[in-house]
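Coordinates in review
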Amino acid sequence: MAEQQKPVGGGSLLIAWQLKDKKVLIVGGGEVGAQRIDSLLTTDANIDLVSPSAGLHPRTKKFLEQYPSRITHFDQSFSFPDTQQAAASIDVGAYDMVLTALDDTALSRKIVQACRSIRVPVNAADIPDLCDFYFGGQVRDGPLQIMISTNGNGPRIAALIKDRVKGALTGKEGEALIKVGLLRTKLKERAPGVGGDVGKRRMRWMSRVCEQWSLEDLSHLDEEAMEKLLDEGWERNEVPTPPEFSKESRSWSWVEVFKSNATRSLPSAASFAAGIVFAQFIFSVWRGKK
Ligand SMILES: C[C@@]1(CC(=O)O)C2=NC(=C\c3[nH]c(c(CCC(=O)O)c3CC(=O)O)Cc3[nH]c(c(CC(=O)O)c3CCC(=O)O)/C=C3\N/C(=C\2)[C@@H](CCC(=O)O)[C@]3(C)CC(=O)O)/[C@H]1CCC(=O)O
Ligand SMILES: NC(=O)c1ccc[n+]([C@@H]2O[C@H](COP(=O)([O-])OP(=O)(O)OC[C@H]3O[C@@H](n4cnc5c(N)ncnc54)[C@H](O)[C@@H]3O)[C@@H](O)[C@H]2O)c1
């Protein structure tokens, strides 16, 4: 029987949208608006919030107080003049992304249309069908970002799955990723170039480091250790085994590592020497008997 083909389509593209220094407009500073601000602060976007002060959620107010240089508040209602080809009171064309978080679906719909007509990506919290993209449950640890999306089917379920995903992480992921990021930058400086043989070798070596070193090992990499790893690993096309970390001291360097390796190998060296002495003793007894 022919294998049944999986249906294709019906999903959305999961991407990590880079918003640093880009302009994002949020219309509505209620509960959902506050949630949007929270999500955007992580991205280093410049946020403009259009919402009358009277309706601001306490969390939104707190964000405005805490991050005055990151969020510009326009204490006004977003409106469309009544004339036919009217422009909105705020030019949505000046933004890289627009989000509505309004308790007014008719206005939300109009803002979406204005954005769509000039191809500005837009999300309307109250009208999933008109959104260019959806938000999702988020799990973050430094550079690690996991999005849980049910594609509009069950936001509450997304939040619950998020808690399970959080519970499955070790807590070392963020720190390990920061170190891996630094190591990759150093490696690219040492062996520059895009694609070709050097690119392939770089990718193979980095993949092996990530596979052979645990997250814990990676999280302990410091500047000195990275240089050592590159000098003695990358240059010889090898991936050394990670050093062991003593439970007492979390800070280490390769010098210490070699020291502790030497110390670790002491017992076996001592027993080897003792073995030789013992063998010599047996041999001399045996010779004496002869
Ligand atoms: C994941 C999360 C991210 C975030 O908002 O940042 C998110 N909603 C969250 C929570 C949540 N939202 C709602 C409840 C009440 C229970 C429930 O309805 O299930 C809860 C539960 C709670 O609060 O725990 C009500 C709700 N949500 C939408 C509508 C409009 C509608 O469906 O018509 C209504 C009113 C429905 C009504 O009136 O009945 C629409 C959307 N909400 C989405 C995202 C997008 C689809 C995401 C996906 O499917 O994966 C989408 C389509 C658009 C968008 O917002 O981009 C965040 C979890 C945060 C977290 O804890 O991590
Ligand atoms: N997507 C989601 O996750 C989600 C979750 C819950 C609710 N919702 C929907 O999102 C919408 C917003 O929910 P909320 O809880 O934030 O509501 P809310 O009432 O707390 O906030 C609405 C905000 O919009 C502001 N506002 C109203 N008219 C305005 C105008 N003309 N210009 C600028 N600002 C204006 C209000 O002052 C207020 O700050 C609702 O329609 C709700 O059904 C979506």
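Residues numbered from 1 in each chain as written. Chains lettered and ligands numbered in written order. Predicted model: local features only at pLDDT ≥ 70, side-chain atom pairs only at ≥ 80, totals over all residues.

**Quick look at helix α5 (residues 173-190)**
Think of an α-helix as turning once every 3.6 residues; residues three or four places apart then point the same way. Counted only if it meets this: What counts as a helix is a DSSP run of H or I of at least four residues, what counts as a strand is a run of E of at least two, and both are numbered from the N terminus. Multiplying 1.5 Å by the helix residue count minus one yields the expected span of that helix. The exposure label follows from counting other C-beta atoms within 10 Å of a residue's C-beta, where the C-beta atoms are placed from the backbone and the thresholds are 20 or more for buried and 12 or fewer for exposed, leaving partly exposed in between. Each C-beta atom gives one direction from the helix axis, and the arc is the one those directions make. Think of it this way: build a C-beta for each residue from its backbone, and any pair within 7 Å is a contact.
Between its terminal C-alpha atoms α5 stretches 25 Å, which fits the 26 Å expected from 18 residues at 1.5 Å a residue. All of the buried residues along α5 are Ala176, Lys179 and Leu183. The arc that holds the buried residues of α5, viewed along the axis, is 70°, so those residues lie on one side. For α5, the exposed residues lying more than 90 degrees away from the buried face are Gly181, Thr185 and Glu189. Buried residues along α5 sit in contact with α7 (215-219) and α8 (223-234).

**Re the site of ligand 2**
Stated precisely, the cut-off is as follows: Any residue whose C-beta atom, as set from the backbone, lies within 6 Å of a molecule or strand is reported as near that molecule or strand. Each residue is assigned to one of three groups, with Ala, Val, Leu, Ile, Met, Phe, Trp, Tyr, Cys and Pro labelled nonpolar, Asp, Glu, Lys and Arg labelled charged, and all others, Gly among them, labelled polar.
The environment of ligand 2 is made up of 23 residues, and the closest members are Gly28, Gly30, Val32, Gly55 and Asp126. With 3 residues, the single largest contributor to the shell around ligand 2 is helix α1 (residues 31-41). The class makeup of the residues in the shell around ligand 2 is 11 nonpolar, 8 polar and 4 charged.

**Points about the domain arrangement of the chain**
Condition: Boundaries of every domain are those given by an automatic assignment or by a domain database.
Domain annotation of the chain identifies domain 1 (23-135), domain 2 (136-169) and domain 3 (173-254). Across the contact, 5 residues belong to domain 2 and 6 residues belong to domain 3. Its residues assigned to classes, the side of domain 2 that touches domain 3 comprises 3 nonpolar, 1 polar and 1 charged.

**Considerations on the site of ligand 1**
As a matter of local geometry, ligand 1 sits amid 23 residues, with Phe135, Gly137, Pro155, Arg156 and Ala159 nearest to it. Residue assignment for the shell around ligand 1 shows that the elements contributing at least two residues are α1, β6 (137-141) and α4 (155-168). For the shell around ligand 1, the leading source of residues is α4, giving 5 residues. When its residues are assigned to classes, the shell around ligand 1 shows 8 nonpolar, 12 polar and 3 charged. Each of domain 1 (23-135) and domain 2 (136-169) gives at least three residues to the shell around ligand 1.

**What about the UniProt feature "domain: Siroheme synthase central" (unreviewed entry) in the chain?**
Under the convention used in this document: UniProt positions are given in the numbering used here, feature names are shortened, and annotations may be inferred rather than shown by experiment.
Sequence positions flagged by UniProt for "domain: Siroheme synthase central" (unreviewed entry) are, in local numbering, residues 141-166. Here residues 141-166 runs as 46% helix and 23% strand, with 10 Å between its end C-alpha atoms.

**Section: the UniProt feature "domain: Siroheme biosynthesis protein Met8 C-terminal" (unreviewed entry) in the chain**
According to UniProt, the positions carrying the feature "domain: Siroheme biosynthesis protein Met8 C-terminal" (unreviewed entry) are residues 174-240. Strand forms 0% of residues 174-240 and helix 76%; the C-alpha atoms that close the span are 23 Å apart.

**As for the pairing of strand β7 (residues 144-148)**
Going by this rule: For two strands to count as paired, DSSP must find a minimum of two bridges between them.
Relative to β7, β6 runs antiparallel, the two sharing 5 bridges. The partner of Asp141 across the bridge, within β7, is Leu144. Taken together, β6 and the strand that follows it, β7, pair antiparallel across an intervening segment of 2 residues, in which Gly142 is found at a positive phi of about 60°.

**Quick notes on α8**
Taking 1.5 Å as the rise per residue, α8 with 12 residues should run 16 Å; its terminal C-alpha atoms sit 15 Å apart, in good agreement. Taken together, the buried positions of α8 are occupied by Ala225, Leu229 and Trp234. All buried residues of α8 project into a common sector of 110° when viewed along the axis, lining one side. Opposite the buried face of α8, at more than 90 degrees from it, the exposed residues are Glu223, Glu224, Asp231 and Glu232.

**Side note on the environment of Val239**
Along the polypeptide, Val239 turns up in the loop between α8 and α9 (254-289). Setting aside anything within four residues of it in sequence, one finds Val239 in contact with Trp205, Arg208, Val209, Gln212 and Gly233.

**Re the sheet that holds strand β4 (residues 97-100)**
Going by this rule: Structural elements are reduced to axes, namely lines fitted to C-alpha atoms, with helices fitted over the stretch in contact, and the angle between N-to-C directions of any two is expressed from 0 to 180 degrees.
Overall, parallel pairing links the 5 strands, which are arranged β3-β2-β1-β4-β5 in an open sheet. Looking at the sheet topology across the chains shown, the edges are occupied by β3 (71-74) and β5 (122-124). Pairs of neighbouring strands in the sheet enclose a mean axial angle of 15°, with direction left out of account. Pairing of strand β2 (residues 46-50) with β3, which is carried by 4 bridges, proceeds in the parallel orientation. Note on β3: the bridge partner recorded for Val50 is Phe74.

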